[in-house]
Amino acid sequence: MPDSESIPQVWDTKQLRRALEAAGVALWSWNVDTDQLIMDELGYGLWGVSTAAAVRFEDLSAHIHPADRDRVRAAFAATRGILGAYEIDFRVLVQDDVRWISARGQGDDAGIIGRVMVGVFLDVTGRKHAEEANELLAGEMSHRVKNLLTIASALTAITSRSTETTTDMARELTERLTSLGRAHDLVRPVPGQDGKAALLGDLISVLLAPYDDLGAFSGRIRVSVPRMGVGEAAATTLALVIHELATNSLKYGALSVAAGTLDVSCTMHDQDVVLVWTERGGPPVTAPQGPGGFGSKLVTRGMSAQLGGSIAYDWPDHGVIATLRMHKGRLAA
């Protein structure tokens, strides 16, 4: 084996530069006395600042997201007394674009050369978006599990009102829970299969069938919508919205009592599909106070982002009325 000292050093400046560019690593240096920052071309582009003028740390601070600015200033000041490596993640605003940057370097004034600290900037926007998506998914899954537990409990109460023996109750409750499973299968995209997930009326009827004492269309839940297809992506979002409305109704609204009724109707207005959810016969309802819980935010985001529409609520004494407005093209996607 050759001695390590005999191995030729092949890392010249051009090769190191190519490696840094390939990795998306931007270089920076900061003079702690003059506050002047020098970056390479990738660094200036990452921050969206011009290379023509001198840049100070405070100039870059103006581009940092207001929610992160004080934290980053304090962190950079603290790095001058840190022994060893440090890492700070924060957001910057570049016109209408929000980017996540990770600043990394070595602290401790005693180790700097010529009063200049050096380090790198990394664009970690993709990683941060993935982390946010994972957190949102975890929250959504937790919310769905809680909803399913609420639904199972409420279905048990509904079934107990309409049956006289434990055998009948077990059979009917099993049928309702099986209906929930069919609804899930209906809206779950199947890999390798394209096309429509279902007709709108069929989708809503299957989703609501477990909550109806006598079955959809003929019982206390009535569904009346025009014939139109729903795409797989839209079906998943719409199912989430319907389940959220049904869960709230089971807890507070018309479906929480035996005399309550639910009407779901739909009309078309140019490129908009308007679905109206009307409850009657339940406990008196009042508009909730505050911004709403996770479920409400989930529904609002889904209606806007996935279905290109909105959801609005009215609170008459006889029960809540929810108006879902969706773009026809998004509903078919």
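Residues numbered from 1 in each chain as written. Predicted model: local features only at pLDDT ≥ 70, side-chain atom pairs only at ≥ 80, totals over all residues. Heavy atoms only, no water.

(A) Highlighting the sheet that holds strand β3 (residues 55-56). Taking strand neighbours across the sheet as the criterion, the six strands line up as β3-β2-β1-β6-β5-β4 in an open arrangement whose pairing is antiparallel. Only two strands of the sheet have a single neighbouring strand rather than two, namely β3 and β4 (85-94). Where β4 and strand β5 (residues 97-106) come together, ten bridges link them in antiparallel fashion. From the neighbouring strand, Ala-85 faces β5, where its bridge partner is Gln-106. (Pairing = 2+ DSSP bridges. Helix = DSSP H or I, 4+ residues; strand = E, 2+ residues; numbered from the N terminus.)

(B) Representation of helix α7 (residues 200-208) within the structure. Among the nine residues in α7, seven count as buried, and that is most of the element. Residues of α7 that are buried: Leu-200, Gly-201, Leu-203, Ile-204, Ser-205, Leu-207 and Leu-208. (Buried < 20%, exposed > 50% of the residue type's maximum accessible area, 1.4 Å probe, protein only.)

(C) How the structure looks around the nonpolar core. Residues Leu-208, Trp-277, Leu-324 and Leu-331 are the most contacted members of the largest nonpolar core, which totals 35 residues. Elements with a minimum of two residues in this core: α7, β8 (221-224), α8 (232-252), β10 (261-269), β11 (272-280), α9 (294-305) and β13 (321-327). The element contributing the most residues to this core is α8, with nine residues. Contact partners of Leu-331, with chain neighbours within four places excluded, come to Met-228, Gly-229, Val-230, Gly-231, Ala-234, Leu-238, Val-273, Leu-307 and Met-326. (Core = buried A, V, L, I, M, F, W, Y, C linked by side-chain atoms within 4.5 Å. Contact = heavy atoms within 4.5 Å.)

(D) Fine view of helix α1 (residues 13-23). For α1, the buried fraction is low: zero of the eleven residues fall into the buried class. The positive-phi residue at the C-terminal boundary of α1 is Gly-24, with phi of around 70°.

(E) Structural view of empty space enclosed by the protein. The final tally for this structure, using the stated rule, is one cavity of 30 Å³ or more. Empty space within the largest cavity amounts to approximately 60 Å³. Surrounding the largest cavity, Trp-30, Leu-37, Trp-47, Phe-57, Leu-60, Ser-61, Ile-64, Val-72, Phe-76, Phe-90 and Phe-121 form its lining. Elements with a contribution of two residues or more to the lining of the largest cavity: α3 (57-61) and α4 (66-79). The biggest single contributor to the lining of the largest cavity is α3, with three residues. (1 Å grid on protein atoms, 1.4 Å probe; cavity = no way out; pocket = protein on both sides within 12 Å on 5 of 7 lines; lining within 4 Å. Points joined across faces, edges and corners; volume = space filled by probe spheres on them.)

(F) Quick peek at the environment of Gly-302. Here Gly-302 is to be found in helix α9. Accessibility expressed as a relative area gives 5% for Gly-302, which makes it buried. Taking C-alpha positions, Gly-302 is 7.9 Å from Val-241, a pair spaced 61 residues apart along the chain. With residues near it in sequence (within four places) discarded, Gly-302 still touches Thr-237 and Leu-307.

(G) Fine view of unusual backbone geometry. A positive phi is found at Gln-95, a non-glycine position, where the angle reads about 55°. A positive phi angle is found at Asp-270, which is not glycine, with a value near 55°. Of note, Asp-270 is situated in the loop between β10 and β11. Classification of Asp-270 as exposed rests on a relative accessible area of 75%.

On their own, these measurements won't tell you what the molecule is for.
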